[in-house]
Each structure stands twice: as structure tokens, then as C-alpha cells.
Amino acid sequence: MKAVEIVTDTSRRKLLAAAGAGAAAGAVALAPGASYAAVTKASRGSAQEGVVAYIQDHRSGTLRLMVGEREVVVNDRDLVARILNAAGGK
Amino acid sequence: MSSHREAPEIAKDPVADSTDVYAFRSPKNPNMVTLIANYIPFQKPDGGPNFFEFGDDVIYEIHIANSGKSKSDISYQFRFFTQVTNPKTFLYNIGPIESIDSKNWIRPQFYSVARVKNGKKTMLAEKLPCPPCNVGPRSTPNYAALSKQAVHKLGKGKVFAGQRADAFHVDLGSVFDLGALRPFNEAHLIPLPNMKGVNGLQGFNVHSIAIEVPIEEVTRDGKMPSDVADAGSVIGVWTTAKRQKSRIFNDNTAKYESKGPWEQVSRLANPLVNEVLIPMADKDEWNHTAPRFDRRFAKNVKRPELAALLPVLYPGVFPNLAKYGKDRADLIAILMTGIPSGVIPGFQNYTGPVEADMVRLNLAIPPTAKPNNLGLVAGDAAGFPNGRRPDDDVVTVELRAIAGALLPLVDKSFTPDAAASAVTDGTKQTNARTKNTFPFLGLPGGGYQTKPGTTKAS
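Being a predicted model, the structure only gives us computed values, none of them experimental.

Within chain A one finds three helices and four strands. Sequence-ordered secondary structure for chain A, helices as α and strands as β, is β-α-α-β-β-β-α. Every one of the 90 residues in chain A was classed for burial, and the buried ones make up 27%. Considering only intrachain contacts with a sequence separation of at least 6, the fraction spanning at least 24 residues in chain A is 54%.

On to the environment of Pro108(B), then. Residues and elements named next belong to chain B. Structurally, the position occupied by Pro108 is in the loop between strand E4 (74-82) and strand E5 (109-117). Expressed as a C-alpha distance, the spacing of Pro108 and Asn93, which sit 15 residues apart in the sequence, is 9.7 Å. Leave out the neighbours within four places in its chain, and Pro108 touches Gln83 and Pro129.

What follows concerns the nonpolar core. Core analysis: the biggest nonpolar cluster contains 116 residues, and Val21(B), Ala23(B), Val237(B) and Ala403(B) have the highest contact counts within it. It is strand E2 (residues 32-43) of chain B that provides the largest number of residues to this core, a total of eight residues. Filtering out sequence-adjacent residues up to four positions away, Val237(B) remains in contact with Val21(B), Ala23(B), Leu35(B), Ile62(B), His63(B), Ile64(B), Ala269(B), Met358(B), Val359(B) and Leu361(B). Core analysis: the second largest hydrophobic core is formed by 13 residues, Val51(A), Ala53(A), Leu79(A) and Ile83(A) among them.

To continue, consider the sheet that holds strand E1 (residues 18-25) of chain B. Residues and elements named next belong to chain B. Strand order in the open sheet made by the five strands is E1-E2-E9-E8-E7, with antiparallel pairing throughout. Two strands in the sheet have a free side with no partner beyond their single neighbour: E1 and strand E7 (152-154). The average angle at which neighbouring strand axes cross in this sheet is 20°, direction not considered. In this structure, E2 lies alongside strand E9 (residues 205-214), joined through nine bridges in antiparallel fashion. Residue pairing in the sheet places Leu35 in a bridge with Ile211 of E9.

To continue, consider the confidence of the model for chain B. In this model, chain B carries a mean pLDDT of 97, and residues with pLDDT of at least 70 account for 100%. Scored as a whole, the predicted complex attains pTM 0.93, and scored at its interfaces, ipTM 0.86.

If a strand is regular, its side chains alternate between the two faces of the sheet. All names here are of chain B. Pairing of E4 with E5, which is carried by nine bridges, proceeds in the antiparallel orientation. Bridging from a neighbouring strand, Phe80 pairs with Tyr111 of E5. For E5 and strand E6 (residues 120-129), the ladder comprises seven bridges, and the chain directions are antiparallel. The residue bridging Val116 from the neighbouring strand is Lys121, located in E6. The antiparallel hairpin formed by E5 and E6 contains two residues in its connecting segment, where Asn118 sits at a positive phi of about 50°.

Between chain A and chain B, the contact holds 11 residues from the first and nine residues from the second. Breaking the side of chain A that touches chain B down by element, the ones donating at least two residues are strand E2 (52-54), strand E3 (62-67) and strand E4 (70-75) of chain A. Looking at side-chain class alone, the side of chain A that touches chain B contains six nonpolar, two polar and three charged residues.

This next bit is on helix H3 (residues 77-87) of chain A. All names here are of chain A. Every buried residue belonging to H3 is among Leu79, Val80, Arg82, Ile83 and Ala86, and all of these are buried. Looking down the long axis of H3, one finds its buried residues gathered within 160° of arc, a one-sided arrangement. Phi turns positive, to about 85°, at Gly89, one or two residues after H3.

All names here are of chain A. Across the sheet, four strands lie side by side as E1-E4-E3-E2; this open sheet has mixed pairing. This sheet does not close on itself; its edge strands, each paired only once, are strand E1 (4-7) and E2. Averaged over all pairs of adjacent strands, the angle between their axes in this sheet comes to 20°, without regard to strand direction. Bridge analysis of E2 against E3 gives three bridges, and the strand direction is antiparallel. Across the sheet, Tyr54 pairs through a bridge with Arg64, a residue of E3.

On to the environment of Pro271(B). All names here are of chain B. Relative to the helices and strands, Pro271 resides in the loop between strand E11 (255-268) and helix H3 (273-277). Residue Pro271 is classed as buried on the basis of its C-beta count, with 28 C-beta atoms lying within 10 Å. Along the chain, Pro271 and Gly68 lie 203 residues apart, while their C-alpha atoms are 21 Å from each other. When sequence neighbours within four positions are dropped, the list of residues in contact with Pro271 reads Ser2, Ser3, Asp20, Val394 and Glu398.

This next bit is on unusual backbone geometry. Residues and elements named next belong to chain B. Look at the link from Gly48 to Pro49: it is a cis peptide, with omega at 5°. In this fold, Pro49 is placed in the loop between E2 and strand E3 (59-65). If you check the backbone angles, Ser70 has positive phi at about 60° while not being a glycine. If you trace the backbone, Ser70 turns up in the loop between E3 and E4. When the 27 C-beta atoms within 10 Å are taken as the criterion, Ser70 is described as buried.

Residues and elements named next belong to chain B. Counted residue by residue, helix H9 (residues 394-402) has nine buried out of nine residues, so it is predominantly covered. Turning to H9, its buried residues number three or more, namely Val394, Val395, Thr396, Val397, Glu398, Leu399, Arg400, Ala401 and Ile402. Trailing H9 by a residue or two, Gly404 shows a phi angle of about 105°, which is positive.

Definitions and cut-offs
- Residues numbered from 1 in each chain as written.
- Chains lettered and ligands numbered in written order.
- Predicted model: local features only at pLDDT ≥ 70, side-chain atom pairs only at ≥ 80, totals over all residues.
- Helix = DSSP H or I, 4+ residues; strand = E, 2+ residues; numbered from the N terminus.
- Buried ≥ 20, exposed ≤ 12 C-beta atoms within 10 Å, placed from the backbone.
- Contact = placed C-beta atoms within 7 Å.
- Core = buried A, V, L, I, M, F, W, Y, C linked by C-beta atoms within 7 Å.
- Pairing = 2+ DSSP bridges.
- Axes fitted to C-alpha atoms, helices over the stretch in contact; angles between N-to-C directions.
- pLDDT = per-residue confidence, 0-100.
- Nonpolar A, V, L, I, M, F, W, Y, C, P; charged D, E, K, R; others polar.
- Arc of directions from axis to C-beta.

Right, dumping it as C-alpha cells:
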């Protein structure tokens, strides 16, 4: 498996799964993603361990997920915006 | 220092901090090449109860370029893991450690060795025991025996990973006090009485990874080289340490967790390059860069800051060096490309035009029966900068090179200043003597046996 995977044009389903990963990295529930998280089930390939989510540049729309020995790069401005909102306490 | 604490970020991460690289044909087994990478600088021998050990969360690697492209064609990869056999004691050991599998050693460390060639990884050995640190006569009563037990067979070669005495020597206290060399104190811009050099590494240990492999395992054609002029006789060597990209403190376990891909955080080949030639703002990036991309740093070798400082720090001593306005083709050859044929009769260690900091070793040159620690400049072609042996006085060689002593080799119009061939920091190796057998560095100083140094505030 490649050390760095890039996910672009995230599907809604992937977006929701990634939102769950983002929530796992922080204590603040995403809004309005919190309601999505309640209905999103783990997919077959979902991570089975802790994940670190990292937004290197808050203007970029890119989220980096550190999992195992890999980095998954998610390009999704909506997801990043929601995480940034959550990080800002909103 | 060769590369001890040489960059802001790695200075905070000693477990991943490479300090020295050595590469030489083994004097007693000349069909073998020995590669040594040292880590974890400035180990005070009595630094218990948590004595020094390799990082379980670090990948240590020794790289070899043999295709003339300055890329890692072959590497030897080392991964460590530490056992804690008795978590209820504060002690490193609960009795004498008389063998490396002693139950009295509470934190035994083990490692694996893998060979990576063209991206394909082959595991060579697993669960090889390291020796303990040299604690003292009660805890490690026969350290030489422990050390010997930690030399393991590896195919046709050998491997060792553990604590040794640091063989590097330099006058740290003086060099970093405005570029002073104690033997020439009176000529300094801020003069003090001349005096002998003081080895700043005296009394300190390092952790050493040493591997001895058949030469034909590291050459591009898989053969033992015999022609000094053949490009295939030359290898480039460097070491790296990698950490995972993310490190986060788990407040449930009170330990750090690492996640993500492995990123290079330390690298080292020629001594003093990142230390002295690369400016502060670029040192961390240099540590994160592969040698084949060193072109971006080459300006610091072509126009080294230290060469400009010497005439300022030692007024009137380096007038010819002060007037020299061209790029330093001598330093580029020595440090970044290797020395091409025709510069020194009967010698070359050129690896092609790619500017890359590597220790270059022409494997067709046999070991010298009576080595000269000034290496190639003293007529001993088996020594630095043709590879590097543990006893090579690399500080003196590089100081003289930067001062212009070797510049006439590539620019006949330059006359070196008289001082260029005399400069030295005045130090010699004062730790345990190196050995002429594997793993070559001397036994580490013991915690009980080693007396702390003295300090003065003024």
C-alpha cells in the first residue's frame, strides 16, 4: 500500500466516513456533521485504529489523515470547513 | 562537531540524531567493507537510571549509491524494539549483567536488519540482541565480553548495534567560541594565550550501528573492483533516520504514539557539512533532503561562510584566501561530486556530476598497512576523503581544505597562505582507542569508572 494516498472529489459517502475520522481526532462533535455521524456506519475498509487528522493549511481545503504508516490526503473544502468550525468551537 | 546536535530540530531529538558516518575497506578482511553510522550524541556514561538506547520509533538506515546517480541503490535498514522485563523496579538492572541475555537486565533491546535493493526489501536477521550500556563494574562486570557477544554474523558479514566510545574529536568549546583554534589563540581577532586543543567529545559515548559486508554486495556489477579508474569502483555512503510524520501524546497511556508515513529527520555523510557549511535557516531542510537534491545547497559549499570568516577572525593570516573570489571547485569535488581522475595521480572517487553530500569510497584501493590519519592529503589514499576511517582526523583535513590548502589541485593560479597547511584545532582522540577489528570503535566508558569533567564560569 502506498504511504500517501490522495482522495479527490470525495463522494458524500466518503466524506461522511472521513468526517467520522475527523471527529475521532478531536473532542468536539462536528456540526452539522454530528447528525450525519449518527447515521454513518463504518465501511469495510475503514480504519480500525486511532487516526490523526491534520489540516496543514487552513485555507487549502486539504485534510491529512495519519493512519498506521500511511497518510491519506482528503481534498474536500466542505469537510475542512466543518472541522475548522468545530476547532473554533462552532 | 561532525554532526552532533548540528541542526535546530534534530538537536531536540538525540535518539534520531546521526553523529558520524564511516566507510572503509576492513583492514583485516580487505574483501569486506565496513559501514558505521553513529547516533545519540553526548552520552554521559553515568546517565542513569534510564540509560541510552536506540529509538523503537525510528528507522535507521545506511545507504549506498553505486550507479552514479547519487540515489539509494542499496540500503541496510535497522529497526529496534525494547522489552521491559520487570516494570516494578526503577533500576536498569537488578543484578550483574554477565551475558547479553541476562535476566538481570530489565530493558534488553533487540533489532532487525533488512536489505533494500531497488525498492525490494529482504529481511536479513531478526531479534538480534544489543549489548547493555556500560553501567559499571557491578552491573556490567565484563563489558568486553558483553560487547563481543553482541557482534552477530550476518550472512558472510557481521553486524553490531550498541553503545561505543565516541571516536570523533574536536575542540567544541573553542570552535564555537567565535571560531577559535586554541593553538592559534594569539592570532585571533580577540586574542588569548595559545594552548593545546581540548577534545569536547572526551568522556562521551554514542550508539553505533556497524555492518561489515562483502564488497561485491555493494558494487553496481556485483564484483570486487580492481581498477581504481573504473567508475564502478566507487560507492557513495550516507545514513538517515526517519520518524513517522505524526507524533501525539496519548494521555491515557502517558506515552507518545507515532502515525503516518516515515519522514527523514536526520542524515549524514561527510563530517561538518550540515554543521559548518549549511546556514542555520537551511539546516533542518537539509536533514530532510535526499543527497541527490543537494544542488540547492551547493552555493554554501562553493562560497563557504567559514572561508570568508577565517581572514576576519585571523587578521593578516589568510590574505590569499581573502582575495579568492571564485567558486570553490576543490570543496565541491571533495564533498559533493568526488574527486575526478586527473586531479590526484592514480586516484579518483568521482560519482558523477550530481552534487550530493556522500562519503565516497573507491573500493579498488586496498587498506593501508600504516594509516595516516590525515588520509588522502598525506598520501594515504585509503583514508578520508576516500571513505572515512574511525581514526581519520577529519577536522584538521576539512579545516585545511576550507583554508585553501587543496585549492591548487583544481586552480593552479591560487597560492595557499602559509597557515592553510598548519591550521588545526589541536585535538586528538582521547576516549577509548579504536580497535582494528569489528566493530572498530572503542568500548564505551563506564558510568562508575568515568569521572565527570570540571566547569568554569569565567
